[in-house]
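Coordinate analysis (summary)
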Amino acid sequence: AAVWPLRWLLFKLMLMSGVVKVQANCPTWLKLTALEYHFATQCIPTPLAWWFHQLPPLLLRFGVAATLWIEIPATLLLLAPIHSLRFCG
């Protein structure tokens, strides 16, 4: 019984994380270039951040697209009534 409120909370947090990125009209999210800046401007960059910052821009854009896909449409899988779909979400 306590599982559904937790799923609802995770759904809401993930969906709102993606929606706010799109609604902000930030050109870095809309043009899929946000990761080109992210690794260099973290508060406390990790040792691997430099290596990720050197990745080709096409790969970084794919990462941003995957992030937006996971946070907006794929989040609906958390509420799916079929167990195998929830496992994917």
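Residues numbered from 1 in each chain as written. Predicted model: local features only at pLDDT ≥ 70, side-chain atom pairs only at ≥ 80, totals over all residues. Heavy atoms only, no water.

Details of the overall build of the chain
Looking only at helices and strands, the chain features six helices and zero strands. When the elements of the chain are put in sequence order from the N terminus, they spell out α-α-α-α-α-α. In summary, the chain has a C-alpha radius of gyration of 16 Å against a globular reference of 12 Å for 89 residues, an excess of more than 25%. Principal-axis analysis of the C-alpha atoms gives the chain an extent of 45 × 30 × 25 Å. (Helix = DSSP H or I, 4+ residues; strand = E, 2+ residues; numbered from the N terminus. Rg over C-alpha atoms; globule rule 2.2 N^0.38 Å.)

Regarding a nonpolar patch on the surface
There is a patch of nonpolar side chains on the surface, built from Leu6, Leu9, Leu10 and Leu13 and spanning about 370 Å² of accessible area. As for its position among the elements, Leu6 is in helix H1 (residues 3-23). (Patch = residues over 30% accessible without salt bridge, like charges linked within 9 Å, V, L, I, M, F, W, Y side chains within 5 Å. Areas by Shrake-Rupley, 256 points an atom, 1.4 Å probe, with all protein chains shown as cover. Salt bridge = Lys/Arg side-chain N within 4 Å of Asp/Glu carboxyl O.)

A closer look at H1
Residue pairs three or four apart in sequence face the same way in an α-helix, which turns once every 3.6 residues. With 21 residues, H1 extends 30 Å from end C-alpha to end C-alpha; this agrees with the ideal 30 Å at 1.5 Å per step. Of all the positions in H1, only Phe11, Leu15, Gly18 and Lys21 are classed as buried. Looking straight down H1, one finds that the buried residues subtend no more than 120° of arc, so they occupy a single side. Across H1 from its buried face, at more than 90 degrees, point the exposed residues Pro5, Leu13, Val20 and Gln23. Residues of H1 that are buried in the fold lie against helix H2 (27-30) and helix H5 (57-71). The positive-phi residue at the C-terminal boundary of H1 is Asn25, with phi of around 55°. (Expected span 1.5 Å × (residues − 1). Buried < 20%, exposed > 50% of the residue type's maximum accessible area, 1.4 Å probe, protein only. Arc of directions from axis to C-beta. Contact = heavy atoms within 4.5 Å.)

A look at the confidence of the model for the chain
Residues of the chain with pLDDT of at least 70 account for 92%, and the chain-wide mean is 89. For the chain, the element scoring lowest by mean pLDDT is helix H6 (residues 83-88), at 64; H5 scores highest, at 96. (pLDDT = per-residue confidence, 0-100.)

What to know about the state of the cysteines
Tallying each qualifying case throughout the model produces zero disulfides. With no disulfide of its own, Cys26 has Cys43 as its nearest cysteine by sulfur position, at a separation of 16 Å. Judged by relative accessible area, Cys26 falls into the partly exposed class, the value being 26%. (Disulfide = S-S within 2.5 Å.)

Observations regarding the pattern of salt bridges
Per the counting criterion, the structure on display carries two salt bridges. Residues Glu36 and Arg61 are paired through a salt bridge, measuring 3.8 Å at the closest nitrogen-oxygen approach. Placement of Glu36 in helix H3 (residues 35-38) and of Arg61 in helix H5 is noted, with a sequence separation of 25 residues between them. Take Glu36: its relative accessible area is 23%, and that puts it in the partly exposed class. On the accessibility criterion, Arg61 (36% relative accessible area) is partly exposed.

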